[in-house]
Amino acid sequence: MKIVVIGSGAMGMLFGSRLALHGYDITMVDVVPAVIEKLNNQGLYLEGDDGDHLIPIKAAFAEDINEEVDLAILLTKAIYSRSALESAKKFLGKDTHVLTLQNGLGNIELISEYVPHDHIIAGVTNYPSDVKGIGHISSHGSGYTKIMSANGEENKMLYIINDALQDAGLNSQIAPDVMVSIWEKVAFNAAINATTAVCRIPCGGMAVTEQGKYLAYTIAKEAVAVANAHGVAASEETVINSLTESIEFHKDHFTSMSADIINKRKTENEFINGGIVKKAQEVNMEVPYTEALYDLICTIENTYNMQKLNTDTE
Ligand SMILES: NC(=O)C1=CN([C@@H]2O[C@H](COP(=O)(O)OP(=O)(O)OC[C@H]3O[C@@H](n4cnc5c(N)ncnc54)[C@H](OP(=O)(O)O)[C@@H]3O)[C@@H](O)[C@H]2O)C=CC1
Ligand SMILES: CC(C)(CO)C(=O)C(=O)O
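Model, not experiment: these values are computed from the prediction. (Residues numbered from 1 in each chain as written. Chains lettered and ligands numbered in written order. Predicted model: local features only at pLDDT ≥ 70, side-chain atom pairs only at ≥ 80, totals over all residues. Heavy atoms only, no water.)

Details of the site of ligand 1
In step 1: Neighbouring ligand 1 are 26 residues, the closest being M11, D30, N103, R265 and E268.
In step 2: Measuring from an oxygen atom of ligand 1, one finds a side-chain N or O atom of R265 at 2.6 Å.
In step 3: A distance of 2.5 Å is found between an oxygen atom of ligand 1 and a side-chain nitrogen or oxygen belonging to E268.
In step 4: Protein contact buries 88% of the 890 Å² of open area that ligand 1 shows by itself.
In step 5: For the shell around ligand 1, the elements supplying multiple residues, two or more each, are α1 (10-21) and α3 (81-87).
In step 6: Counted by class, the shell around ligand 1 contains 10 nonpolar, 11 polar and five charged residues.
In step 7: Of the residues that make up the shell around ligand 1, three or more belong to each of domain 1 (2-176) and domain 2 (179-306). (Near = heavy atom within 4 Å. Polar contact = N/O pair within 3.5 Å; in protein donor to acceptor, adjacent residues only side chain to side chain. Areas by Shrake-Rupley, 256 points an atom, 1.4 Å probe, with all protein chains shown as cover. Helix = DSSP H or I, 4+ residues; strand = E, 2+ residues; numbered from the N terminus. Nonpolar A, V, L, I, M, F, W, Y, C, P; charged D, E, K, R; others polar. Domains from an automatic or database assignment.)

Below is the structure:
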């Protein structure tokens, strides 16, 4: 099975390296020349709970891949999915399946502009991964991956992908109720990604004050209420438990949104907190905490050039 991983950042490198370590034919795709060069010439460096690994791996720009592949795993930030899929057209054949494990709402709809609905596999993963340098990641703590065909029907490729992810140690399971998982994950991300991003802290920082915990739990509750109003049976208890676990067991992880704010980059705000605000409007609900965090992140990511930090070390 030929697999391309689109996006050689924190998660792309985690999934690509774990699959490559278990013998899968992986090509990493990215837009940054230094990333392609480093992966091809020096391999991918993965720090995990099972030790450090230097894994030889292929990497290429999408434009340079000339044969159709069996599976493309989309792990860019959702805001770059369109440009990633545009440049992937040459290797997305009529039999190619696309797997998205991206955070946020609306990923399936966006991918279906490029790939038939019955060739899309969607899911979630809560493995944390942090970029330490070019071609270098660190991922600590246990996790899970849940996947399902976007059309809700189990097919052969779904089983093949699930087996591959299990072989790679990515604790994958087929989740018939994947929309529940996607909503529970977005509720979790709206609560912890946005708050840790505004504060520029790792997950563990949310345990420091009662106010921080209250804020995260309140956002999670708002998001679950919106899911329920849309007929999705997301559970408040599941999301709160995930938050508690992540604050404790992934305490040193900087959420993907927190990493973006620290690096002065555009975030997935539109797909996470923004996605929930839009869904709330559709059912005439108010989500004041989620919306406030959405507005704050919008402001932060559009004013990087005006922000002042005291860099004195004393
Ligand atoms: N990090 C984490 O722990 C987790 C992240 N997620 C989700 O996984 C997804 C990926 O996140 P993460 O790995 O953190 O993101 P990163 O920003 O670390 O990695 C994304 C990579 O994709 C590259 N990229 C951007 N545009 C394109 C393009 N057009 N074609 C190919 N590559 C492109 C980026 O390059 P450049 O840097 O130049 O933009 C970057 O190297 C997100 O949806 C995130 O929410 C889910 C669970 C955990
Ligand atoms: C917090 C985490 C790793 C989920 O466990 C995540 O989804 C992110 O960093 O975006």
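A look at the packing of helix α7 (residues 210-229) against helix α8 (residues 236-249)
In step 1: In contact at an axis separation of 9 Å, α7 and α8 are set at 150 degrees when each is read in the N-to-C sense. Looking at the two axes, α7 sits roughly antiparallel to α8. Judged by the twist between their axes, the crossing of α7 over α8 is right-handed. For the pair formed by α7 and α8, the contact residues are A216, Y217, A220, K221 and V224 on the first element and E236, V239, I240, L243 and T244 on the second. (Axes fitted to C-alpha atoms, helices over the stretch in contact; angles between N-to-C directions. Parallel < 35°, antiparallel > 145°, perpendicular 65-115°, else oblique. Left-handed = near helix turned anticlockwise from the far one by under 90°. Contact = heavy atoms within 4.5 Å.)

Some remarks on the sheet that holds strand β10 (residues 136-139)
In step 1: Ordered by their spatial adjacency, four strands build an open sheet running β4-β3-β10-β9, and the pairing between neighbours is mixed. A single partner strand is all that each edge strand has here, and the edge strands are β4 (51-55) and β9 (130-133). The average angle at which neighbouring strand axes cross in this sheet is 25 degrees, direction not considered. (Pairing = 2+ DSSP bridges.)

Overview of the pattern of salt bridges
In step 1: A full pass over the atoms with the stated rule returns 12 salt bridges.
In step 2: Linking D50 and R18 is a salt bridge whose minimum nitrogen-to-oxygen distance equals 2.9 Å. Residue D50 is found in the loop between β3 (44-48) and β4, and its partner R18 is found in helix α1; the two are separated by 32 residues along the sequence.
In step 3: For R82, the salt bridge is made with E113, and the minimal N-O distance between the two is 2.7 Å. Highlighted residues: R82 in helix α3 and E113 in the loop between α4 (107-111) and β8 (120-125), separated in sequence by 31 residues.
In step 4: The class for R82 is partly exposed, based on a relative accessible area of 42%. (Salt bridge = Lys/Arg side-chain N within 4 Å of Asp/Glu carboxyl O. Buried < 20%, exposed > 50% of the residue type's maximum accessible area, 1.4 Å probe, protein only.)

Some words on the UniProt feature "domain: Ketopantoate reductase C-terminal" (unreviewed entry) in the protein
In step 1: Mapped onto this structure's residue numbering, the UniProt feature "domain: Ketopantoate reductase C-terminal" (unreviewed entry) falls at residues 177-298.
In step 2: Structurally, residues 177-298 comprises 69% helix and 0% strand, and the distance from its first C-alpha atom to its last is 32 Å. (UniProt positions renumbered as here; feature names shortened; annotations may be inferred.)

As for the packing of helix α6 (residues 178-199) against helix α11 (residues 288-301)
In step 1: As a packed pair, α6 and α11 sit with axes 10 Å apart at the nearest point and diverge in direction by 45 degrees. The angle between α6 and α11 places the two elements in the oblique class. By crossing handedness, the relation of α6 to α11 is classed as left-handed. Listed contacts from α11 to A194, T195, A197 and V198 of α6 are L293, L296, I297 and I300.

Brief notes about unusual backbone geometry
Note on backbone geometry: most residues besides glycine have negative phi, and most peptide bonds are trans.
In step 1: Located in the positive-phi region is N171, a residue other than glycine, with phi close to 40 degrees.
In step 2: The phi dihedral of R200 falls on the positive side, at around 55 degrees, and the residue is not glycine.
In step 3: Take R200: it is sitting in the loop between α6 and α7.
In step 4: On the basis of relative accessibility, which here comes to 31%, the residue R200 falls in the partly exposed class.

Here we look at α6
In step 1: With 22 residues, α6 should cover 32 Å at 1.5 Å per step; its first-to-last C-alpha distance of 31 Å lies within 8% of that length.
In step 2: Considering bend angle alone, the principal kink of α6 is centred on N189 and spans about 30 degrees.
In step 3: Among the 22 residues in α6, 19 count as buried, and that is most of the element. (Expected span 1.5 Å × (residues − 1). Bend = angle between axes of the 7 residues up to and from the residue.)

Description of the site of ligand 2
In step 1: Taken together, N103, N126, Y127, P128, K185, F188, N189, N193, H250, H253, T255 and S256 make up all the residues around ligand 2.
In step 2: Within the side chain of H253, a nitrogen or oxygen atom sits 2.8 Å from an oxygen atom of ligand 2.
In step 3: A distance of 2.5 Å separates an oxygen atom of ligand 2 from a polar atom in the side chain of S256.
In step 4: When ligand 2 is considered free in solution it has 280 Å² of accessible area, and contact with the protein chains removes 95% of it.
In step 5: It is α6 that contributes the most residues to the shell around ligand 2, four residues altogether.
In step 6: Its residues placed into classes, the shell around ligand 2 shows three nonpolar, eight polar and one charged.
In step 7: Looking at which domains feed residues into the shell around ligand 2, each of domain 1 (2-176) and domain 2 (179-306) gives three or more.

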